[in-house]
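Reading the structure
Okay, here's what each chain looks like letter by letter:
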Amino acid sequence: MDLLGAHVSIAGGIHNAVDRGVSSGCGVIQIFTQNSNQWKGKAVSAADAQLFRDKLAASGLSHVVSHDIYLINLAAAPGEVKDKSLIAFKEEMQRCAALGIDKIVMHPGSHTGDGEETGIRRICEAFDQLFAEVPEFTGKVLLENTAGQGTNLGYRFDHLKSIMEGSSYPTRFGVCFDTCHAFASGYPIAERDGYRRTFDEFDGALGIDKLMAFHLNDSKKGLGCKVDRHEHIGAGALGLEPFRFILNDPHFKLVPKFIETPKGDADEMDAVNLKLLRSLVEG
Ligand SMILES: [Zn+2]
Ligand SMILES: [Zn+2]
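All values reported here derive from a predicted model rather than from experimental measurement. (Residues numbered from 1 in each chain as written. Chains lettered and ligands numbered in written order. Predicted model: local features only at pLDDT ≥ 70, side-chain atom pairs only at ≥ 80, totals over all residues. Heavy atoms only, no water.)

1. Structural notes on the coordination of the zinc ion (ligand 1)
In an ideal tetrahedron of four donors about a metal, each angle is 109.5 degrees. In an ideal octahedron of six donors, the angles are 90 or 180 degrees. Stated formally: Only nitrogen, oxygen and sulfur atoms qualify as donors, and only when within 2.8 Å of the metal (3.2 Å in the case of Na, K and Ca); with water excluded, sites may look incomplete. Only two sets of limits are used to name each site, 85 to 135 degrees for every angle of a tetrahedral four-donor site, and over 155 degrees for opposite donors with all other angles from 65 to 115 for a square planar four-donor or octahedral six-donor site, with any other site named irregular. Per the convention used, a helix needs a DSSP run of H or I reaching at least four residues, while a strand needs a run of E reaching at least two, with both numbered from the N terminus. We call a residue buried when its accessible area falls under 20% of the maximum for its residue type, exposed when it is over 50%, and partly exposed in between, using a 1.4 Å probe and counting protein chains only.
Protein coordination at the zinc ion (ligand 1) comes from Glu144 (OE), Asp178 (OD), His215 (ND1) and Glu260 (OE), with a distance range of 2.0 to 2.3 Å. Coordination at the zinc ion (ligand 1) comes from four donor atoms whose angles at the metal span 88 to 176°, giving a geometry best classed as irregular. In terms of primary sequence, the donors binding the zinc ion (ligand 1) are separated according to E-x33-D-x36-H-x44-E. If you look at the zinc ion (ligand 1) and the zinc ion (ligand 2), they sit 4.5 Å from each other. Residue His215 is found in strand 7 (residues 211-216), and its partner Glu260 is found in the loop between strand 10 (257-259) and helix 9 (268-279); the two are separated by 45 residues along the sequence. Taken as a pair, His215 and Glu260 share a single burial class, namely buried.

2. Structural notes on the pairing of strand 6 (residues 173-178)
Rule in force here: In short, DSSP must find at least two bridges between two strands for them to pair. Note on handedness: a clockwise path from strand one over the helix to strand two, with the strands aimed away from the viewer, defines a right-handed crossover.
By the criterion of burial, strand 6 is predominantly enclosed, with six of the six residues buried. Residues Phe173, Val175 and Phe177 line one face of strand 6 and the alternating positions Gly174, Cys176 and Asp178 line the opposite face, and both faces are buried. As paired elements, strand 5 (residues 140-144) and strand 6 share four bridges and run parallel to each other. Paired with Glu144 across the strands is Cys176, a residue of strand 6. Taking the sense of rotation as the criterion, the β-α-β connection linking strand 5, helix 5 (residues 157-165) and strand 6 turns out right-handed. Strand direction decides the pairing type here: strand 6 and strand 7, joined by four bridges, are parallel. Residue pairing in the sheet places Asp178 in a bridge with His215 of strand 7.

These results come straight from atomic positions and should not be treated as a statement about function.
Structure, rendered in structure tokens:
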């Protein structure tokens, strides 16, 4: 089973993402289920959902995950942004239920100056409300580790742990591990020893089985830079080694892995980056 793929566009209809994934050589795909620059998404009609499900079943793709839109901030203080975020995430869960997508990758959010503890508490409360309000979504929310830019939460594994532990639905969470964000936030995964220490820390904080997806991105900037800038695989500050470690780590053999690297003018770079990653798989 090939568990390597990319984030692909849904332009022209959600079902088109399946074709784009296949033509770029993906075995798995990640999508936004709505326009990522707008608060208001379109509901998925029964016909849209059926078309997507039929195409997916015929495609050979083994996993589809969704990514929430970046406007959403569930750690925001009570007010307009928080209200819009709750509605948008609720609609995300509803669309995923309709499409048969059982994993939503999300950025934990930003406390915007109110402090990390307060931000984490707000995220827990938001998910308690969301899981109760959308019982038709029976899948998992994958908290993504972040680069630690500004007041963003999620740049330490302990943040992700606190969100799960503070939730009334702890089993509904997993983690999406982004290599660029981890390195930018200070986890030294580029060399063997730092890689081992990083995943030992992950295992200690969360349990390695909580790691349910990877974002494989190289980083334009260096270790601990706190800047989120993705680069082509092997062309950034990470280089090829950490990708070789992950792709040959028996713990992660069954974990789907998505690139979010620059796509080129006609998405042609996805195939290039995926081919390079596949060349690192040993045995
Ligand atoms: Zn990511
Ligand atoms: Zn990023």
